[in-house]
Amino acid sequence: TGPGGTYSCVDLRSAYQMPAWGSRETGMIVGVFEQGSYNHNDVKKYFTTFGIPKTVIQKGIAVDGSPITKETDIEVEACLDLDMIVGMNPSIAEVKVYIDDYNYDPFDVAMVDALAAMADDTTPCQVVSISYGQDEGYFGSSAESAEDSYTLQLAIEGITVFASSGDSGAYGNGYYNPYNVSCPAVDPYVTGVGGTTLFTEFGNNYVSEDAWNELPNFGATGGGVSVYWGLPYYQNSLVGGTGYVTENGGSSTHRNVPDVAAVADPLTGVGVYVSDQGGWQQVGGTSASSPIWAGYVTNIDAAFHSSGLGNLGYFNPILYSVGTQELGYGYPADWLFDIVTGSNGNATYFSGYPGYHNGPGYSNTTGNGSIWGGGFALQLLISGTQPGTRPGAFTVSVKGQPTATSTTIQWTPASTGASGYAIGLYQHGYGVYYVTHAFLAGPTAKSHTFTGLTPNTPYFVYMWGYNASGGSPDAYVAWTTAQ
């Protein structure tokens, strides 16, 4: 429903079923890296169009004394970053824009020093998104090692870092023949984000996604295997061995990227407003998918903080342990949208080299999959591992009679302490998936009312008590709304 038939942030929140938890925390700060500045009023125009408060602070921070100069070549990139991040969570308070102008420093210097500035910031971001990248070979091993020291520092500080996997398919910019991956997305402490082609139906309900591949003219999702980094432990031990990442052509010895994905195909692109370039335009690339993921995760962070669970933080270990678990209850899907079709190569145009292909599970095109917002968020909340006792079992039931558009559920308190209750409202969707709307209730709550339901429709709820040590056994109730 965006300008010109593009996807708006409202469309994407609906398609990816993102929980609206951002308002549970005030003062959320997100960081982005840019190689030049932009017109702040263009971002405010986007905010106004889609009902986002203009009070969101856009703070430019000069890296290494770089000038903060509006750059025509950067404006679309910068506006896209801020539009998608805040569009996924309109309650974000501030976006810190770390700027090292491309006319001031070479990319490797700018990238490393921007990460250093983020890591040393006395008022740190909680989530970072980076929409830039360079082939490993061009970036260089010394810069890659320096970069890693700062991404490690960010991980230790509990800051989640996302980076785009690139827009040239498996081939990158051609440093190595035939395949290349992008820095900083390939760094083990960074969550690399690939791109998809997104298909939705009326009402922006999710239908499916393919790996984004419009080669040779309109790009493709980056992804492949590092020549520098060995296989990180989370791509080996946490999912029962390296077979998980090798099933569709991944490496058993080196870092595989990306880790996740979201819409990036410019032909199913998002709308961005840039006044100097004619106003509204349709854009794509993994420069869209990375900030989409960053904005989504800020909603989960807000739920973590409001429940006393701290930062989500270093994301890859929990992503590979939680995001790859099966649903259970006889449904063989995981907690992300698994993207099983497509590739990121074109053998005809690239000397017979086909790139990487998709299949069930991990793929070096779209990683573990794209955002199943409510389902994944609930599982993250109930997957705490801190020492202590999880909440105990409880029961849930329907209170009174469901109406055509609303239902109230009630539950007994968990037998041991809960920081809150995680509630998933499910309705049958496509294939093995279920449309999931995620809700939270406080530790003293005993009921919750769902509104806006569809008449004469079956619904069911799974819910859990949770604290920092994990979740309770699930409680279940089903009903059908009145006609």
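Given the structure is predicted, the values throughout are model-derived calculations rather than measurements. (Residues numbered from 1 in each chain as written. Predicted model: local features only at pLDDT ≥ 70, side-chain atom pairs only at ≥ 80, totals over all residues. Heavy atoms only, no water.)

Visitor: How should I be thinking about the overall build of the chain in this particular structure?
Guide: Each helix and strand in the chain was counted, giving 10 helices and 24 strands. What you see for the chain is a C-alpha radius of gyration of 22 Å, in line with the 23 Å of a compact globule of 483 residues. Along the first, second and third principal axes, the C-alpha atoms of the chain reach 65 × 50 × 45 Å. Counting the 483 residues in the chain, one finds 60% classified as buried. The long-range fraction of contacts in the chain, counting pairs at least 24 apart against all pairs at least 6 apart in sequence, stands at 77%. (Helix = DSSP H or I, 4+ residues; strand = E, 2+ residues; numbered from the N terminus. Rg over C-alpha atoms; globule rule 2.2 N^0.38 Å. Buried < 20%, exposed > 50% of the residue type's maximum accessible area, 1.4 Å probe, protein only. Contact = heavy atoms within 4.5 Å.)

Visitor: Explain the packing of helix 8 (residues 286-306) against helix 10 (residues 373-381) here, please?
Guide: Helix-helix packing is characterised by the crossing angle of the two axes and by the distance between the axes. Relative to each other, helix 8 and helix 10 sit at 40 degrees, their axes nearing to 11 Å. By the angle class used here, helix 8 and helix 10 are oblique. By crossing handedness, the relation of helix 8 to helix 10 is classed as right-handed. Of the residues in helix 10, those in contact with Trp293, Tyr296, Ile300, Ala303 and Phe304 of helix 8 are Gly373, Phe376, Ala377, Leu380 and Leu381. Residue classes in the contact of helix 8 with helix 10 are distributed as 9 nonpolar, 1 polar and no charged. (Axes fitted to C-alpha atoms, helices over the stretch in contact; angles between N-to-C directions. Parallel < 35°, antiparallel > 145°, perpendicular 65-115°, else oblique. Left-handed = near helix turned anticlockwise from the far one by under 90°. Nonpolar A, V, L, I, M, F, W, Y, C, P; charged D, E, K, R; others polar.)

Visitor: Can you help me understand the pairing of strand 9 (residues 205-211) in this one?
Guide: If a strand is regular, its side chains alternate between the two faces of the sheet. For strand 8 (residues 191-201) and strand 9, the ladder comprises 6 bridges, and the chain directions are antiparallel. If you follow Thr196 over to strand 9, its bridge partner there is Ala211. The loop that links strand 8 with its antiparallel partner strand 9 comprises 3 residues; one of these, Gly203, has a positive phi angle of about 85 degrees. (Pairing = 2+ DSSP bridges.)

Visitor: I'm lost on the nonpolar core in this one. Help?
Guide: The nonpolar side chains of a soluble globular protein tend to be buried with one another. Among the nonpolar cores identified, the biggest contains 115 residues, and Leu12, Trp293, Phe315 and Phe376 are the most heavily contacted of them. Apart from the residues lying within four places of it in its own chain, the contact partners of Leu12 are Tyr7, Met84, Met88, Leu198, Val263, Val270 and Ile292. Membership of the second largest hydrophobic core comes to 18 residues, among which are Ala418, Phe450, Val461 and Trp479. (Core = buried A, V, L, I, M, F, W, Y, C linked by side-chain atoms within 4.5 Å.)

Visitor: So what exactly am I meant to see when it comes to unusual backbone geometry here?
Guide: What is expected of a backbone is that most residues other than glycine have negative phi and most peptide bonds are trans. Cis rather than trans, the peptide bond between Cys183 and Pro184 has omega equal to 15 degrees. Looking at the element boundaries, Pro184 is found in the loop between strand 7 (182-183) and strand 8. Phi at Asp64 takes a positive value of approximately 60 degrees, unusual for a residue other than glycine. Take Asp64: it is sitting in the loop between strand 2 (57-62) and helix 3 (72-88).

Visitor: Explain the side chain of Asp265 to me, please; I cannot follow it from the model alone.
Guide: Along the chain, Asp265 turns up in the loop between strand 12 (260-263) and strand 13 (270-274). Within the buried set, Asp265 has no salt-bridge partner at all; the shortest N-O distance to an opposite charge, 22 Å, is to Arg13. Within the structure, Asp265 has its side chain in polar contact with the side chain of Thr197 (distance 2.7 Å). Apart from the residues within four sequence positions on either side, Asp265 is in contact with Thr196, Thr197, Trp212, Glu214 and Gly284. (Lys, Arg positive; Asp, Glu negative; His and termini not counted. Salt bridge = Lys/Arg side-chain N within 4 Å of Asp/Glu carboxyl O. Polar contact = N/O pair within 3.5 Å; in protein donor to acceptor, adjacent residues only side chain to side chain.)

Visitor: Hey, could you run me through the packing of aromatic side chains in this one?
Guide: How two aromatic rings sit relative to each other is set out by the distance from centre to centre and by the angle between their planes. Using the criterion set out here, one finds 38 aromatic pairs in the structure. Between the aromatic rings of Tyr171 and Phe350, the centroid separation amounts to 3.8 Å while the plane-to-plane angle is 10 degrees, which identifies the pairing as stacked. Here Phe350 lies in the loop between strand 16 (331-334) and helix 10 and Tyr171 lies in the loop between strand 6 (160-164) and strand 7, a separation of 179 residues in the sequence. Residue classification places Tyr171 among the buried positions, given a relative accessible area of 5%. Centre to centre, the rings of Tyr244 and Tyr362 are 6.3 Å apart; their planes meet at 55 degrees, and the pair counts as tilted. Residue Tyr244 is found in helix 7 (residues 243-246), and its partner Tyr362 is found in the loop between strand 16 and helix 10; the two are separated by 118 residues along the sequence. You can call Tyr244 buried: its relative accessible area is 16%. The structure contains a cluster of three or more aromatic residues connected by ring pairs, namely Tyr16, Tyr206, Trp335, Phe337 and Trp372. Over the ring of Tyr273 we find Lys45; its NZ or CZ atom is 5.5 Å from the centre of that ring. (Phe/Tyr/Trp six-rings, centres within 6.5 Å; stacked < 30°, edge-to-face > 60°. Lys NZ or Arg CZ within 6 Å of the ring centre and 35° of its normal.)

Visitor: Hey, could you run me through the sheet that holds strand 18 (residues 407-411) in this one?
Guide: Working definition: the strands of a sheet are paired by backbone hydrogen bonds and lie parallel or antiparallel to each other. Strand order in the open sheet made by the 3 strands is 17-18-21, with antiparallel pairing throughout. The sheet is open, and its two borders are formed by strand 17 (396-399) and strand 21 (447-450), each paired with just one other strand. Strand-to-strand twist across the sheet, computed as the mean angle between neighbouring axes with direction ignored, equals 25 degrees. Both strand 18 and strand 21 contribute to a ladder of 4 bridges, which runs antiparallel. Note that in strand 21 the partner of Gln410 across the bridge is Ser447.

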